[in-house]
Amino acid sequence: MDTVFVESEEHRALRRAVGDLGRRFGPDYYLTAARTGGRTEELWREAGKLGYLGVNIPREYGGGGSGITELTIVLEELGSVGCPLLMLVVSPAICGSVITRFGTEAQRRRWLPGLADGTRLMAFGITEPDAGSNAHRLTTVARRDGDDWVLTGRKVFVSGVDAADAVLIVGRVADTGGESPQAGRGARLRPALFVVPRDAPGFEYRPIPMELTAPERQFQLFLDEVRLPADALVGDAGAGLGPLFAGLNPERIMAAAFSVGMGRYALRRAVEYARTRQVWDTPIGAHQAVAHPLAQCGIELELARLMTRKAAYLYDAGDDAGAGEAANMAKYAAAEAAVRTVDQAVHTLGGNGLSAEYGVGALLVGSRAARVAPVSREMILNYVAQHTLGLPKSY
Ligand SMILES: Cc1cc2nc3c(=O)[nH]c(=O)nc-3n(C[C@H](O)[C@H](O)[C@H](O)COP(=O)(O)OP(=O)(O)OC[C@H]3O[C@@H](n4cnc5c(N)ncnc54)[C@H](O)[C@@H]3O)c2cc1C
C-alpha cells in the first residue's frame, strides 16, 4: 500500500539505500568540501551511478522512470545524514522536468541521460538584480537573428554555474527583432527558456561571496549578445508559462525536501547531544526546557514532510494546479521548521553549537537561506492569501 501518508516498502528501501550512501561520505566530507572551496563530486558521481540522481527521469532517457516523490526521498535522506546536495533541486528536478515535459526529442536525448547519471549538470537562472521576486520584470531578452537566438541580460544568485555544463536561462522573447533589453521591459514579451552552454561566447559568470557554508556557490551572470542555435529554446516561443511552471513546482517541492533533510540532521545531532551531555544530575535532555522545543521541532518537521509528500504526489499525478498550492505550503512549512530546528540544535549544544568541530552552527545560514530561496516566505504567504483564501492583492 502506498498512500500519501504511508510509504511503500519500495520507498522505505530507497530511503535506507540512499541513507547508506550518504553515511559512507558523511558530514565531514561535506563540510570539508564546503570550507575548502571544494565540491562534492565523488558523492554526486556515486549517486548518479547508483541511479539516484535520475529517479525522476523517464527510463527511455536513462532514468529510473519514477517521479519527484522519489527524488525528494533522495534529497531528504542525503540531507538527513549531513550531505544536502543543493544541485539535486536544480539539475534533475527543475531542468530535468522542464526538458522531459517540454523538450524536443533531440533535446531530451542530448541532456536527460547525462542529467540522470550525473555526468552532466545544468544550473537554472531566473533571478535578476532588478526583478527579484517579481518575475514579471525580467529583462533578459532573446531576439531572433535568422535561425539563431541572441540573448542579452543579467542574472544573480545562480547556484552551481562553475560545475555546470549549461544554464537553463529564463528570458523573454522580444515581439520584434532588434529590440534592446531596455526596450524589452515595456514591450509585450513572452517568457522563454534557453539552454546556454557555460562556454558560449558572450556568457560570463562571477562568484558572489556568500556567508553560506556549502560546496555550491552562487554566481552573477552576464549575457552579452550570446548567440544560440534555434534548438537552444526549450518549448516553443509561444508556449507561455507552461515550461517555466513545469520547473517551479519541482523546485519548491525539492526545496522543501532540502529543508526537511537538513532539519532532521540537526535534530538528530541535538538529541544525541542532549542524551549524553550532563552538567547537573541528569542529562540536559531531561530538562523540559531542552526537550520540549526539540519535540516541537520533531512535530513541525514531520508535518512539513507530510505536506512535501502531498505536493510531490500531486505533481507526479499530473495535477499541476493542486501541486502548486501544496508545493508552496510545503516549502513554507519546511523552511520554517528547518530554521527553528537548526537554531534549537545550536542552542542545545551550547558553546559547542557554534564550534567548527560539531558542524551544527555551519547550518545556520543554509537553513535560513531556505526562507528566502527559491521563493521567499512572503511571496508564499501572498500566494496562499490570494489563491487559497481569496484575499485581494497589494502589489
Ligand atoms: C543560497 C541561494 C541560492 C539561490 N540559487 C538560485 C538559483 O540557482 N537560480 C536563481 O535564479 N536564483 C537563485 N537564488 C535567488 C533566489 O531565488 C532569490 O534570492 C529569491 O527569489 C528572492 O529574490 P531577491 O533576493 O531578489 O529578493 P527581493 O525580491 O528583493 O525581496 C526582498 C524581500 O522583500 C520581500 N518582498 C518582495 N516583494 C514582496 C511582496 N510583494 N510582498 C511582501 N514581501 C515582499 C521578500 O519576501 C524579501 O524578504 C538563490 C538565492 C540564494 C540565497
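Computed from a predicted model, the values in this text were never measured in an experiment.

Examining the overall build of the protein chain
Scanning the protein chain for helices and strands turns up 11 helices and 8 strands. Taken over the C-alpha trace, the protein chain has a radius of gyration of 21 Å; the compact-globule value for 395 residues is 21 Å, and the two agree within 12%. With the C-alpha coordinates of the protein chain rotated into their principal frame, the extents come out at 80 × 45 × 45 Å. Split into buried and exposed, the 395 residues of the protein chain put 50% on the buried side.

Considering the confidence of the model for the protein chain
The predicted model of the protein chain averages 95 in pLDDT, with 96% of residues at 70 or higher. Contacts from residues 177-184, a stretch scored under 50 in pLDDT, to residues over four places away or in other chains number 19 contacts.

Some thoughts on the pairing of strand S3 (residues 148-159)
Across the 12 residues of S3, 9 count as buried, placing the element largely inside the fold. Pairing geometry for strand S2 (residues 141-145) and S3, over 5 bridges, is antiparallel. If you follow Val 141 over to S3, its bridge partner there is Thr 152. Hairpin connection between S2 and S3: a loop of 2 residues separates the two successive antiparallel strands, and Gly 146 in this loop has a positive phi of roughly 65°. As defined by bridge partners, S3 adjoins strand S7 (residues 218-228) across 8 bridges and the pair is classed as antiparallel. From the neighbouring strand, Arg 154 faces S7, where its bridge partner is Phe 222.

Section: the environment of Ala 163
For Ala 163, the position within the fold is in the loop between S3 and strand S4 (166-173). With 18 C-beta atoms packed within 10 Å, Ala 163 lands in the partly exposed category. Residues Ala 163 and Pro 209 lie 46 residues apart in sequence; the distance between their C-alpha atoms is 17 Å. Sequence-distant contacts of Ala 163, defined by excluding residues within four places in its chain, comprise Arg 39 and Leu 121.

Comments concerning the environment of Leu 86
As for its position among the elements, Leu 86 is in the loop between helix H3 (68-80) and helix H4 (87-102). Placed 216 residues apart in sequence, Leu 86 and Glu 302 show a C-alpha to C-alpha distance of 21 Å. Excluding its chain neighbours within four sequence positions, the residues that come into contact with Leu 86 are Ser 159, Ala 214, Glu 216 and Phe 258.

Quick look at the domain arrangement of the protein chain
Assigned domains of the protein chain: these are domain 1 (9-121), domain 2 (124-234) and domain 3 (242-388). Here domain 1 and domain 2 have C-alpha centroids that lie 24 Å from each other. Listed by partner, the interface residues are 22 residues for domain 1 and 14 residues for domain 2. Counting only elements with at least two residues in the side of domain 1 that touches domain 2, the list comes to helix H1 (9-35), H4 and helix H5 (105-117). A total of 7 residues in the side of domain 1 that touches domain 2 trace back to one element, the largest contributor, which is H4.

A few points about the UniProt feature "domain: Acyl-CoA dehydrogenase/oxidase C-terminal" (unreviewed entry) in the protein chain
Following the UniProt record, the feature "domain: Acyl-CoA dehydrogenase/oxidase C-terminal" (unreviewed entry) maps to residues 244-387 here. From the first C-alpha to the last, residues 244-387 spans 19 Å; its make-up is 78% helix and 0% strand.

With respect to the site of the ligand
Looking at the ligand, there are 22 residues lining it, with Gly 132, Ser 133, Ala 373, Ser 376 and Glu 378 nearest. Mapped by element, the contributors of at least two residues to the shell around the ligand are strand S1 (122-125), S3, helix H10 (363-372) and helix H11 (377-388). Residues that form the shell around the ligand fall into these classes: 13 nonpolar, 8 polar and 1 charged. Looking at which domains feed residues into the shell around the ligand, each of domain 2 (124-234) and domain 3 (242-388) gives three or more.

Looking at the packing of helix H9 (residues 320-348) against H10
With their axes 8 Å apart at the nearest point, H9 and H10 run at an angle of 160° to one another. Taken together, the axes of H9 and H10 are roughly antiparallel relative to one another. Judged by the sense of rotation from one axis to the other, the crossing of H9 with H10 is left-handed. On H10, the residues touching Ala 335, Ala 338, Val 339, Val 342 and Val 346 of H9 are Leu 363, Leu 364, Ser 367, Arg 368, Ala 370 and Arg 371.

Quick word on the pairing of S7
Judged from the 5 bridges that link them, strand S6 (residues 203-207) and S7 form a sheet pairing that is antiparallel. Across the sheet, Phe 203 pairs through a bridge with Leu 223, a residue of S7.

A few points about unusual backbone geometry
Of note, the amide linkage connecting Ala 373 to Pro 374 takes the cis form, showing an omega dihedral of -5°. Residue position: Pro 374 is located in the loop between H10 and H11. Phi at Glu 225 is positive, roughly 50°, even though this residue is not glycine. In this fold, Glu 225 is placed in strand S7. Looking at Glu 225, the number of C-beta atoms within 10 Å reads 11, which means it is exposed.

Some details on H4
An ideal rise of 1.5 Å per residue puts 22 Å on 16 residues; H4 measures up with 21 Å between its terminal C-alpha atoms. At Gly 96, H4 shows its maximal kink, close to 35°. Counted residue by residue, H4 has 15 buried out of 16 residues, so it is predominantly covered.

Let's talk about the nonpolar core
Within the largest apolar cluster, 127 residues are counted, with the highest numbers of intra-cluster contacts made by Val 167, Phe 194, Val 196 and Ala 330. If one sorts the elements of this core by residue count, helix H7 (residues 242-276) sits on top with 17 residues. If sequence neighbours within four positions are ignored, Val 167 has contacts with Met 122, Ala 123, Phe 124, Gly 125, Val 158, Val 161, Val 196, Arg 198 and Leu 221.

Calculation criteria
- Residues numbered from 1 in each chain as written.
- Predicted model: local features only at pLDDT ≥ 70, side-chain atom pairs only at ≥ 80, totals over all residues.
- Helix = DSSP H or I, 4+ residues; strand = E, 2+ residues; numbered from the N terminus.
- Rg over C-alpha atoms; globule rule 2.2 N^0.38 Å.
- Buried ≥ 20, exposed ≤ 12 C-beta atoms within 10 Å, placed from the backbone.
- pLDDT = per-residue confidence, 0-100.
- Contact = placed C-beta atoms within 7 Å.
- Pairing = 2+ DSSP bridges.
- Domains from an automatic or database assignment.
- UniProt positions renumbered as here; feature names shortened; annotations may be inferred.
- Near = placed C-beta within 6 Å.
- Nonpolar A, V, L, I, M, F, W, Y, C, P; charged D, E, K, R; others polar.
- Axes fitted to C-alpha atoms, helices over the stretch in contact; angles between N-to-C directions.
- Parallel < 35°, antiparallel > 145°, perpendicular 65-115°, else oblique.
- Left-handed = near helix turned anticlockwise from the far one by under 90°.
- Expected span 1.5 Å × (residues − 1).
- Bend = angle between axes of the 7 residues up to and from the residue.
- Core = buried A, V, L, I, M, F, W, Y, C linked by C-beta atoms within 7 Å.

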